Amino acid sequence: MTGIGKVRVRLFARLADVAGTRTTEVDLGEGLTAGDAYRLLCREHPDMEGLEGSLMYAVNAEYVSAEHPLRDGDELALIPPVSGGCLQSATNNQQLTTNNLQRCSLK
């Protein structure tokens, strides 16, 4: 791929731990997608592999699919699955409020 710009990548949870950073950059090649950027980072950090099926992608603060094309200057967020939280609030589809969060943290 011929570099035609850069994409800033924000890493969360396990991905940030493996990479040793919360932000990095990927050289933008023609036709590069969000999923392609993830695979490029996996080449640099093989322990990141294996999350492709459950990874969430966001470009410029909007959730997108892995096939979403990237443009010069975009910010890509790679969000792996995380555990925890309050099952009761999640299953009751309650709005997150300070009271709901405090109730979850007390359990």
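Everything quoted here is computed from the prediction, not taken from an experiment. Along each chain, numbering runs from 1 in the same order as the chain's sequence is written. With the structure being a predicted model, the display of local features is reserved for residues of pLDDT at least 70 and the display and counting of side-chain atom pairs for 80 or more, all residues being used for whole-chain, interface and lining totals. In computing side-chain values, all of the structure's heavy atoms are included and hydrogens and water are not.

1. What about unusual backbone geometry?
For step 1, the next point in the chain: Residue A13 is not a glycine yet carries a positive backbone phi of 50°.
For step 2, the next point in the chain: With respect to the helices and strands, the residue A13 is situated in helix 1 (residues 13–19).
For step 3, the next point in the chain: Looking at A13, the relative accessible area reads 31%, which means it is partly exposed.
For step 4, the next point in the chain: Backbone geometry places N60, a non-glycine residue, at a positive phi of 50°.
For step 5, the next point in the chain: Position of N60 among the secondary structure elements: in the loop between strand 3 (56–59) and strand 4 (62–64). Each helix is a run of H or I in the DSSP string that is no shorter than four residues. Each strand is a run of E no shorter than two, and both are numbered from the N terminus. The classification of residues rests on relative accessible area computed with a 1.4 Å probe and restricted to protein chains. Under 20% of the type maximum is buried, over 50% is exposed, and intermediate values are partly exposed.

2. Looking at the nonpolar core
For step 1, the next point in the chain: Within this scheme, the nonpolar core is defined by two criteria: the residues are buried Ala, Val, Leu, Ile, Met, Phe, Trp, Tyr or Cys, and they are joined through side-chain atoms within 4.5 Å. Counting 23 residues, the largest nonpolar core has V9, L11, Y57, L70, L76 and L78 as its most contacted members.
For step 2, the next point in the chain: Of all the secondary-structure elements, those providing two or more residues to this core are strand 1 (3–11), helix 1, strand 2 (23–29), helix 2 (34–44), strand 3 and strand 5 (75–79).
For step 3, the next point in the chain: Ranked by the residues each element gives to this core, the list is headed by helix 2, at 5 residues.
For step 4, the next point in the chain: Working rule for contacts: check all heavy atoms of both residues, and any pair within 4.5 Å makes them a contact. Non-local contacts of V9, meaning those with residues more than four positions away in its chain, are made with R22, T23, T24, V26, L41, L76 and L78.

3. Here's the deal with the side chain of D74
For step 1, the next point in the chain: Mapped onto the secondary structure, D74 falls in the loop between strand 4 and strand 5.
For step 2, the next point in the chain: Here D74 sits buried without a salt bridge, and the closest side chain of opposite charge, R71, lies 5.1 Å off (N-O distance).
For step 3, the next point in the chain: Pairs of N or O atoms are called polar contacts if they sit within 3.5 Å, as long as, within protein, a hydrogen donor faces a hydrogen acceptor (for residues adjacent in sequence, only side-chain-to-side-chain pairs). A polar contact of 2.9 Å, which involves the side chain of D74, links it to the side chain of N60.
For step 4, the next point in the chain: The contacts of D74, once residues within four sequence positions are left out, are K6, V7, R8, V59, N60 and P69. Neither His nor the chain termini are counted; the positive set is Lys and Arg, and the negative set is Asp and Glu. The term salt bridge refers to a side-chain nitrogen of Lys or Arg lying within 4 Å of a carboxyl oxygen of Asp or Glu.

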